[in-house]
Amino acid sequence: MLNPTLAALQRLIDVVAQLRSPQGGCPWDLAQTPQTLIPYIIEEAYETVAALQTGTEADICEELGDLLLQVILQAQIASEFEHFNLATIAEGITTKLIRRHPHVFGEETATTVGEVRAHWEAIKAAEKGNIPESISGQFRRYAQTLPPLMASLKISRKAAALGFEWETLEDVWGKVEEEWGELKEAIAHKNTAEQEAELGDLLFALIQIARWQGLDPSRALQGTNQRFIQRLEIMEKVGDRPLTAYSLPELDQLWNEAKRQLGQGRFKPEHSPADHPDSDGAA
């Protein structure tokens, strides 16, 4: 008899298999491919992170379940084409964990995080035949596997460590101003592709400012998104009709009132971290 955890996991596997069954399955699930599910993997990963940061235990449990579903779905589709299955996935990660923790499962010793990291990197290098990864290869991997803001910050940190660095913060500001001018020129006279390229250059330059100041650009942008939403919440609360019924000057007036209330601490948005007993209110 399976223990409760394995039994629950097997039930989930069976449910997903039924959803994908040509006999009585769900048309939506049957239409999915590994590629069409990519946006859902990303979305569920972000929602899991959000729940871990601000959610209750129930929120966290639900989002982890949604993320687990994406793994099960990918494994189910792969098994249908006889590529691999969930057992292959589990065996692979288990073997990797044992191999990369010789201080736990072998004869090596490691008593500090630094020693563990050294073991891990040495084992990874050996797995790749001790062929050092090129710098461009590392950066390409960051760009392919991390969210854009996070990738840019990591790439810029690594590049700075190699010597690709400005001498002063004023030099970095000069780069921002240069890229700002080039973006304005592109918007005025160039095509969409060139405008997008210049916008990317400006964002990358701004991330250098963040790095120099020890700021997290992803967290900064997330905070701006939240403040924008909070202001809209206030506008909807103080208004006497839908926002779409207001003129632009009226919306501007409501916006300024929302900024004023937030600045005075008079408004606490619903579902803020402080609302949750399991949260310390940290952003």
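Look up: the structure comes first, before these words.
Residues numbered from 1 in each chain as written. Predicted model: local features only at pLDDT ≥ 70, side-chain atom pairs only at ≥ 80, totals over all residues. Heavy atoms only, no water.

(A) How the structure looks around the packing of helix 3 (residues 38-54) against helix 4 (residues 57-80). The contact between helix 3 and helix 4 brings their axes to 8 Å, and the two run at 160°. In this view, helix 3 runs roughly antiparallel relative to helix 4, as classed from their interaxial angle. As helix 3 runs across helix 4, the sense of the crossing is left-handed. Where helix 3 abuts helix 4, its residues Y40, I41, E44, A45, E47, T48, A51 and L52 lie against D59, I60, E63, L64, D66, L67, Q70 and Q74. Of the residues assigned to the contact of helix 3 with helix 4, the class counts are eight nonpolar, three polar and five charged. (Axes fitted to C-alpha atoms, helices over the stretch in contact; angles between N-to-C directions. Helix = DSSP H or I, 4+ residues; strand = E, 2+ residues; numbered from the N terminus. Parallel < 35°, antiparallel > 145°, perpendicular 65-115°, else oblique. Left-handed = near helix turned anticlockwise from the far one by under 90°. Contact = heavy atoms within 4.5 Å. Nonpolar A, V, L, I, M, F, W, Y, C, P; charged D, E, K, R; others polar.)

(B) Region of interest: helix 10 (residues 169-189). The first and last C-alpha atoms of helix 10 sit 30 Å apart over 21 residues, in line with the 30 Å expected at 1.5 Å per residue. Those residues of helix 10 lying buried are V172, V176, E179, L183 and A186. Within helix 10, the buried residues cover an arc of 90° as seen down the axis, which keeps them to one side. Those residues of helix 10 that are exposed and angled more than 90 degrees off the buried face are E170, E177, A188 and H189. (Expected span 1.5 Å × (residues − 1). Buried < 20%, exposed > 50% of the residue type's maximum accessible area, 1.4 Å probe, protein only. Arc of directions from axis to C-beta.)

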